[in-house]
Amino acid sequence: MIMEPLIRIDGVSKRFDGQPIPAIDGLSTCFSAGRINGLVGPDGAGKTTLIRLMAGLLAPSSGSIRIAGLDPVTQAGELRRIVAYMPQRFGLYEDLTVLENLTLYADIREVVGIERKRRFEQLLSFTDLARFTDRLAGKLSGGMKQKLGLACALVSVPKLLLLDEPSVGVDPISRRELWRMASELVDDGIAVVWSTAYLDEAERCETVLLLNEGKSLHDGPPQELTAELAGRSLLVGGLGHQRRAVLDHALAQPSIIDGIVQGDSLRLVLAPNCKAPTASELQAPPHATIIATEPRFEDAFVARLGSRHHLTSPYASRPQLASSDDVTVRAEGLTKRFGSFTAAKDISFAIKGGEIFGLLGPNGAGKSTSFKMLCGLLKPSAGKASVGGFDLGRAASQARAHIGYMAQKFSLYADLSVRQNLDFFGGIYGLGKRTKDVSERMIEAFALAPYLDHNAGALPLGFKQRLALACATLHDPAVLFLDEPTSGVDPLTRREFWGHINAMVGRGVTVVVTTHFMDEAEYCDRIGLIYRGRMITEGSPDALKAGAANPEHPSPTLEDAFIALVEREDQREAAS
Amino acid sequence: MRLRPLFALIRKESLQILRDPSSLLIAVVLPLILLFLFGYGVSFDLRDSPVCVVVEQSSQPAESLAASFQASPFFKAHREATTAHCKDQLVSGSINGMVVIPADFAARLNGGDPAPVQILVDGSDPNTAGLMQNYLSGTVLVWQTIIADMQGLSSQGRIAVTSRVWYNPAKQSRLFLLPGLVAVIMTLIGTMLTSLVVSREWERGTMEAMMATPLSVPQLLLGKLIPYYLLGMAAMAATTVIAIWLFGVPLRGSIWALAVVTSIFLLTTLGQGLLISTLAKNQFVATQAALFSAFLPAFLLSGLVYEIASMPPPIQWFTRIVSARYYVPSLQTLFLADDEPGVLIPHCLSMLAIAAVMFAIVIRKTPRRLDD
């Protein structure tokens, strides 16, 4: 079926004052009604700018945009009646309840009387928020906020729905529900433009616009891009604990342009016209299996954007830690109660040196609470946590000397320059004269040199994360705590990040990480799945996947497994 | 203009004011603290000021003069026989001034020497020093007049001055400070709170969401103006009631005139609040800007605390663009005198001119898009 495109973008450029390169650079494309139009690209590619241009919130420097024949700048009033826009931060009033937020948007869009009643009923059941109408928006979990943001944008039925990274910081279950909702809207003939950093979402879109530096790199069905990679994606299995070392060797080879850990296997992408390497070339054990696999959109994305030059991580050259194989982090019956609410209940596990342990769970399940108790930021109501043999309850400061911590939110000094931040953290970790030496190596490894005199707050997101990791590891901690380290960061930066983490783990550092990205979870040696304050299962990514397999889904993804395990717990709860 | 979206915005804003502790802090708690601080604490009156009266030699007139210092409500006087001890007290600041009645006081007085009394005041605080000097010498003059009358010396050849203080006969500073304080409270709500809530909407991203809806710029602006105008009027009413009932400030003018003048002043402060928030899109900068451009001028440059006429000419000139400078004297007139059109109308016209300029800039500068 050929559809007349709802949105026509013709030679559009957008420059911002003081920026050397345009955010959008001579872009021409179309978006059609009745489908989800994916919008992907690395950080700073111009995704948000393009969405704001379509919402009439920015005026193009040149070129024209027409949405259902309307000019977003000169006909903004009419345009806003047919366009619904959900900004990255949802646009909710946190001091108002769910119903008050909805009512506000309905009044603004003048949806009244019986029509409003019907629409509210629809939206509340659609978003499953009917039980929470009296709850303040600020007290909702991330996933619920996002659904409410969507409901507010949809109080009157639009022709075009613009979603700017709606799934950042949201658990896989909420992400799937959001996708289901968008698909239903599309069935009603609405055009959806969905910008995302999740490439599995992009793969499911009918059409994808891949932006880089404001220009289109690909515009069409994602399969077209993926097809270019036919025969170039490999799965290397049977590696066990050697997978990180093998990945390192693989990435050093010119024939391999991308590689990630997937449970006990590696996923590698070959450069064009290259032959698959043999096990011995990868320095893999002889029993390792190397088989071709179906390429994914993410493989194509990285291949098209060109993975960054593979640098040896500065962490690899640090001396091996002595104590690997001993338990370095131990949780014994950790419990946290806030009033009558139990946020975490009887959580126990032990993590060995040189292991990556992932804490996963839906928003609000208690994983952040558990995480904070482990690194000594929150005092447990019962149970105890120890790091490097020190009890966090009794010898917190000794324990902390062994800990590196990278917070979920940007927590460096935004008004200090990159150099000043490094010096400051070197100072508080007591590095003394070594600070200069250590920070020089960090600056080189993270390519921070061009930004040394920039204020940390003004850095692009990916560089903020790099600086945060550099600061958290200046003192060479034996245990590293990472709270959603790559939330909102593009896949290229995420790979680089994990390159460093793998290098650290290789020399015996213990890593505890929380994440909503399943490909990040694949790097973990073991995963603890936390739901409703309890650890419902623990095991390697492959074990979790195997546990969720059934005749219908013989080889589930980690995300499938995550959802199946949570649902299974719901059923168990309902039965008892 | 469509009214339903506007009412929705007003309702939203009202709910936020009621639920957000920082709004209540600025709109209710801070005004109350200021009111009680100025009502009970700050005073420019002289009351029980510690002084020392040195009577070097007792005599009937010396005792009589000393007694009139000790009986005065303005001083807390204690007697000494020599100056030595008193000088130390003056240096240490435990007394504000001293009166020395010399040993030959009676003789000099009878000899026709006019008032051979020495008055010393602590000049480290010029305001207090001036007051002390006037009150101390005033007390001597009054005593002299009374003595002259008693002795039957005719007041022939002397001019008898009968002074009367109008509007505030007891010269209580609270009676002019409290009405003036309404100006400061209106500034807190109109400028500080308004710029804070608008910049918060920018910070939290709700402004972006609002701009993507069919709301027009006038609707968005009125949606902020009306609730904070109403809040300002409520605060003015509450302050007035407290000033009248608790502190005994009279309201000699009419409530209607007070409401009209206050409304005009609120327009200037709200305009300034909106102007700040269109320029500063974060709460910290907005608060600082409101503090320096509105709150402090309302205190220092409005004539509330410092007399404008005694400021250096450039600063006097500058006060002309501080709207509180017109509101404070209007309030003092309304509370202590009457609806005096000769005072109120020029002040109101000046404030309207300032408000017009503010709003002209606000309407021009309010962004219709994020890149405006």
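Residues numbered from 1 in each chain as written. Chains lettered and ligands numbered in written order. Predicted model: local features only at pLDDT ≥ 70, side-chain atom pairs only at ≥ 80, totals over all residues.

Caption draft 1: Looking closely at the overall build of chain B. The number of helices and strands found in chain B is 14 helices and 4 strands. Over its C-alpha trace chain B gives a radius of gyration of 28 Å, far above what one expects of a compact globule, namely 21 Å for 372 residues. Taken along the three principal axes of its C-alpha coordinates, chain B extends 90 × 40 × 40 Å. Burial statistics for chain B: of 372 residues in total, 37% are counted as buried. A fraction of 80% describes how many contacts in chain B between residues 6 or more apart in sequence connect residues 24 or more apart. (Helix = DSSP H or I, 4+ residues; strand = E, 2+ residues; numbered from the N terminus. Rg over C-alpha atoms; globule rule 2.2 N^0.38 Å. Buried ≥ 20, exposed ≤ 12 C-beta atoms within 10 Å, placed from the backbone. Contact = placed C-beta atoms within 7 Å.)

Caption draft 2: Main features of the overall build of chain A. In terms of helices and strands, chain A carries 19 helices and 23 strands. Relative to the compact-globule value of 25 Å for 576 residues, chain A shows a C-alpha radius of gyration of 24 Å, a close match. Projected onto the principal axes, the alpha-carbon positions of chain A cover approximately 70 × 60 × 55 Å. Considering chain A as a whole, with its 576 residues, one finds that 51% of them fall into the buried category.

Caption draft 3: Structural view of the confidence of the model for chain A. Of the residues in chain A, 98% have a pLDDT of 70 or more, and the chain-wide mean is 87. By mean pLDDT, the top-scoring element of chain A is helix α3 (residues 98-108) of chain A (95), and the lowest-scoring one is helix α12 (residues 396-401) of chain A (81). (pLDDT = per-residue confidence, 0-100.)

Caption draft 4: Representation of the sheet that holds strand β17 (residues 382-387) of chain A. Residue and element names in this part refer to chain A. The strand order β15-β14-β17-β18 describes an open sheet built from 4 strands, whose pairing is antiparallel. Pairing within the sheet leaves two strands with one partner each, and these edge strands are β15 (341-352) and β18 (390-391). In this sheet, β18 lies alongside β17 in antiparallel orientation, the contact comprising 2 bridges. Bridge pairing in β18 links valine 387 to phenylalanine 390. The strands touched by helix α11 (residues 367-374) within the sheet are β14 (327-338), β15 and β17, with β14 carrying the most contacts at an inclination of about 125°. (Pairing = 2+ DSSP bridges. Axes fitted to C-alpha atoms, helices over the stretch in contact; angles between N-to-C directions.)

Caption draft 5: Seen up close, the interface of chain A and chain B. Contact with chain A, which involves 22 residues of that partner, is made by 22 residues of chain B. Elements with a contribution of two residues or more to the side of chain A that touches chain B: α2 (76-82) and α3 of chain A.

Caption draft 6: View of the nonpolar core. Of all hydrophobic cores here, the largest spans 245 residues; its most connected members are Leu162 of chain A together with Ala183 of chain B. With 17 residues, helix α7 (residues 174-204) of chain B is the single largest residue contributor to this core. Those residues in contact with alanine 183 of chain B that sit more than four places away from it in its chain are Phe265, Ala298, Ser302, Leu304, Ala324, Tyr327, Val328 and Leu331 of chain B. Residues Val53, Val54, Phe75 and Ile95 of chain B belong to the second largest nonpolar core, which totals 21 residues. (Core = buried A, V, L, I, M, F, W, Y, C linked by C-beta atoms within 7 Å.)

Caption draft 7: Broad picture of the domain arrangement of chain A. Residue and element names in this part refer to chain A. The domain boundaries assigned to chain A delineate domain 1 (5-222), domain 2 (228-305) and domain 3 (327-537). Computed over C-alpha atoms, the centres of domain 1 and domain 3 are 32 Å apart. Contacts between the two partners involve 15 residues from domain 1, matched on the other side by 16 residues from domain 3. Secondary structure elements with two or more residues in the side of domain 1 that touches domain 3: α5 (142-153) and α6 (172-187). Sorting elements by how many residues they give to the side of domain 1 that touches domain 3 places α6 first, with 3 residues. For the side of domain 1 that touches domain 3, the residue count by class is 7 nonpolar, 6 polar and 2 charged. (Domains from an automatic or database assignment. Nonpolar A, V, L, I, M, F, W, Y, C, P; charged D, E, K, R; others polar.)

Caption draft 8: Molecular detail of the packing of α7 of chain B against helix α10 (residues 255-279) of chain B. All names here are of chain B. Contact geometry of α7 with α10 gives a least axis separation of 8 Å together with a crossing angle of 30°. For the element pair α7 / α10, the angle class is roughly parallel. Between α7 and α10 the crossing geometry is right-handed. Each of Ala183, Met186, Thr187, Gly190, Thr191, Thr194, Ser195, Val198 and Ser199 in α7 lies in contact with α10, whose residues at this interface are Thr262, Phe265, Leu266, Thr269, Leu270, Gln272, Gly273, Leu274, Ile276 and Ser277. Here the residues of the contact of α7 with α10 are counted per class, giving 8 nonpolar, 11 polar and no charged. (Parallel < 35°, antiparallel > 145°, perpendicular 65-115°, else oblique. Left-handed = near helix turned anticlockwise from the far one by under 90°.)

Caption draft 9: View of the environment of threonine 557 of chain A. Inspection of the secondary structure puts threonine 557 of chain A in the loop between α18 (541-548) and α19 (558-575). Distance in space between the C-alpha atoms of threonine 557 of chain A and tryptophan 179 of chain A is 17 Å, their sequence separation being 378 residues.

Caption draft 10: The arrangement of the domain arrangement of chain B in detail. Taken domain by domain, chain B holds domain 1 (3-42 + 172-365) and domain 2 (49-150). Taking only C-alpha atoms, the centre of domain 1 of chain B and the centre of domain 2 of chain B are 47 Å apart.

Caption draft 11: Geometry of the pairing of strand β16 (residues 356-360) of chain A. Residue and element names in this part refer to chain A. Of all 5 residues in β16, 5 are buried; the element is thus mostly enclosed. Both faces of β16 are covered, namely the face carrying Ile356, Gly358 and Leu360 and the face carrying Phe357 and Leu359. Here β16 runs beside strand β21 (residues 510-514); their pairing, made up of 4 bridges, is parallel. Each bridged residue has a counterpart across the sheet, and for isoleucine 356 the counterpart in β21 is valine 511. Pairing between β16 and strand β22 (residues 526-531): 4 bridges, direction parallel. Paired with leucine 359 across the bridge in β22 is glycine 528.

Caption draft 12: How the structure looks around the packing of helix α9 (residues 243-252) of chain A against helix α16 (residues 491-506) of chain A. Residues and elements named next belong to chain A. Between α9 and α16, whose axes approach to 10 Å, the crossing angle comes to 130°. As judged from the angle between their axes, α9 and α16 are oblique. Between α9 and α16 the crossing geometry is left-handed. In contact with Arg244, Ala245 and Leu247 of α9, α16 contributes Asn502, Val505 and Gly506. Of the residues assigned to the contact of α9 with α16, the class counts are 3 nonpolar, 2 polar and 1 charged.

Caption draft 13: Fine view of helix α14 (residues 341-365) of chain B. All names here are of chain B. A rise of 1.5 Å per residue sets the reference length of α14, with its 25 residues, at 36 Å; its end C-alpha atoms lie 35 Å apart and thus fit the reference within 8%. Regarding α14, the residues found buried are Leu344, His347, Cys348, Met351, Ile354, Ala355, Met358 and Val362. Next to the buried residues of α14 lie α10 and α13 (324-336). (Expected span 1.5 Å × (residues − 1).)

Caption draft 14: How the structure looks around the sheet that holds strand β23 (residues 534-539) of chain A. All names here are of chain A. In space, the 6 strands of this open sheet follow the order β19-β20-β21-β16-β22-β23, with mixed pairing throughout. Both edges of this open sheet fall to β19 (403-406) and β23, since each of them pairs with a single strand only. In this sheet, adjacent strand axes meet at a mean angle of 15° when their direction is disregarded.

Caption draft 15: Highlighting unusual backbone geometry. All names here are of chain A. Not every positive phi belongs to a glycine, and aspartate 128 is a case in point at roughly 60°. Counting through the fold element by element, aspartate 128 comes out in the loop between α4 (113-127) and α5. Among the residues examined, aspartate 128 registers 12 C-beta atoms within 10 Å and is labelled exposed. Although it is not a glycine, arginine 532 adopts a positive phi angle of roughly 50°.

Caption draft 16: Focus on the pairing of strand β12 (residues 265-270) of chain A. All names here are of chain A. Counted residue by residue, β12 has 6 buried out of 6 residues, so it is predominantly covered. Alternating positions in β12 separate into two faces, Ser265, Arg267 and Val269 on one and Leu266, Leu268 and Leu270 on the other, with burial throughout. Here strand β10 (residues 233-237) pairs with β12 via 4 bridges, running antiparallel. The residue bridging leucine 235 from the neighbouring strand is arginine 267, located in β12. Pairing of strand β11 (residues 256-262) with β12, which is carried by 6 bridges, proceeds in the antiparallel orientation. Across the sheet, residue isoleucine 256 finds its bridge partner in β12, namely leucine 270.

Caption draft 17: Broad picture of the environment of valine 53 of chain B. Residue and element names in this part refer to chain B. By the element assignment, valine 53 lies in strand β1 (residues 49-55). Separated by 33 residues in the primary sequence, valine 53 and cysteine 86 place their C-alpha atoms 8.7 Å from one another. Each residue touching valine 53, except ones within four places of it in the same chain, is listed here: Ala66, Phe69, Ala77, Arg79, Val99 and Ile101.

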